[in-house]
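Residue-level structural notes
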Amino acid sequence: MQRCAWAGEEPIYVEYHDTEWGVPEYDSRALWEKLILDGFQAGLSWITILKKRDNFRAAFAGFDPNVVATWGEAEVARLLADPGIIRHRGKIEATISNARAWQQIEAAGGFDRFLWDRVGGQPIQNRWASKAEVPAFTPLSEQISKDLKRAGFRFCGPTIVYAFMQAVGIVNDHVTTCHRHAEVARLAG
């Protein structure tokens, strides 16, 4: 069975690739969680975040943005002392402010619609033959990044946004030789 080369051999990575990565996600809260985790991944490998994901979920109240939006310095201090997550003050503070920005977008029509309307509600079906063809960012990820920043988000540059778009299935970037490419494409139907 062929997979995207980045999936490697580690079981947690293979499982993520085979069941989650690229599957279209339409839930606003889940989309916010994945964008936050991609922000924490900046400068690190995704496997690091994936291994700590359950710790992140526990530390950030199940990634409930309505809870996280109420947090202040006491919660920042608690999170900076938590060895189970990435202890980066800027990323932690950004998560709190991003929760507040999420609330504004959600109230104005939905975070899910904010993202999915940019592709007409349907994933972009790329047909890359190899990992080398997959871009690090696209004009669409640049535009979404700008729009998110304008709405108050941080840690959401074009490369982070494109990784997020891949993870949540806004784009299908499984290479065509990967067994998941066709499976994920069918989910868009």
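Residues numbered from 1 in each chain as written. Predicted model: local features only at pLDDT ≥ 70, side-chain atom pairs only at ≥ 80, totals over all residues. Heavy atoms only, no water.

This paragraph deals with the layout of surface pockets. Any space left empty among the atoms is revealed by the rolling of a water-sized probe across them. By volume, the largest pocket is sized at about 590 Å³. Trp6, Trp21, Lys131, Ala163 and Gln166 are, among the 23 residues lining the largest pocket, the residues nearest its centre. When residues of the lining of the largest pocket are traced back to their parent elements, those giving at least two are helix 1 (11-19), helix 2 (28-41) and helix 9 (158-167). Per-element tally for the lining of the largest pocket: the top contributor is helix 9, with six residues. A per-class count over the lining of the largest pocket returns 15 nonpolar, four polar and four charged. (1 Å grid on protein atoms, 1.4 Å probe; cavity = no way out; pocket = protein on both sides within 12 Å on 5 of 7 lines; lining within 4 Å. Points joined across faces, edges and corners; volume = space filled by probe spheres on them. Helix = DSSP H or I, 4+ residues; strand = E, 2+ residues; numbered from the N terminus. Nonpolar A, V, L, I, M, F, W, Y, C, P; charged D, E, K, R; others polar.)

Backbone geometry at phenylalanine 63 places phi at a positive 55 degrees, although glycine is not the residue there. Tracing the chain through its elements places phenylalanine 63 in the loop between helix 3 (46-59) and helix 4 (65-68). Judged by its relative accessible area of 0%, phenylalanine 63 is buried. Positive phi is not limited to glycine here, since phenylalanine 155 has a value of about 55 degrees. Counting through the fold element by element, phenylalanine 155 comes out in the loop between helix 8 (139-150) and helix 9. (Buried < 20%, exposed > 50% of the residue type's maximum accessible area, 1.4 Å probe, protein only.)

A few words now on helix 1. Owing to its 3.6 residues per turn, the α-helix brings residues three or four apart onto one side. Taken residue by residue, helix 1 has Tyr13, Val14, Tyr16, His17 and Asp18 as its buried positions. Elements in contact with the buried residues of helix 1: helix 3, helix 9 and helix 10 (179-187). (Contact = heavy atoms within 4.5 Å.)

This part is about the packing of aromatic side chains. To describe a pair of aromatic rings, you give the distance between the ring centres and the angle between the ring planes. The tally for this structure, following the rule as stated, stands at 13 aromatic pairs. With centroids separated by 4.8 Å and ring planes inclined at 70 degrees, the aromatic side chains of tryptophan 6 and tryptophan 21 adopt a geometry described as edge-to-face. Here tryptophan 21 lies in the loop between helix 1 and helix 2 and tryptophan 6 lies in the segment before helix 1, a separation of 15 residues in the sequence. Using a relative accessible area of 7% as the deciding quantity, one classes tryptophan 21 as buried. Site record: aromatic cluster; members linked through ring pairs are Trp32, Phe40, Phe56, Phe60, Phe63 and Trp71. Between arginine 78 and the ring centre of tryptophan 71, over which it is positioned, the NZ or CZ distance is 5.1 Å. We note arginine 118 situated over the ring of phenylalanine 114; from NZ or CZ to the ring centre the distance is 4.2 Å. (Phe/Tyr/Trp six-rings, centres within 6.5 Å; stacked < 30°, edge-to-face > 60°. Lys NZ or Arg CZ within 6 Å of the ring centre and 35° of its normal.)

Further remarks concern the packing of helix 2 against helix 6 (residues 89-107). It is at 11 Å that the axes of helix 2 and helix 6 come closest, and there the two elements cross at 150 degrees. Judged on the interaxial angle alone, helix 6 and helix 2 are roughly antiparallel. For the element pair helix 2 and helix 6, the recorded crossing hand is right-handed. Between helix 2 and helix 6, the residues in contact are Ser28, Arg29, Trp32, Ile36, Gly39, Phe40 and Gln41 and Lys91, Ile92, Thr95, Asn98, Ala99, Trp102 and Glu106, respectively. Class assignment for the residues of the contact of helix 2 with helix 6 results in six nonpolar, five polar and three charged. (Axes fitted to C-alpha atoms, helices over the stretch in contact; angles between N-to-C directions. Parallel < 35°, antiparallel > 145°, perpendicular 65-115°, else oblique. Left-handed = near helix turned anticlockwise from the far one by under 90°.)

Everything listed here is a matter of coordinates, which is why it stays silent on function.
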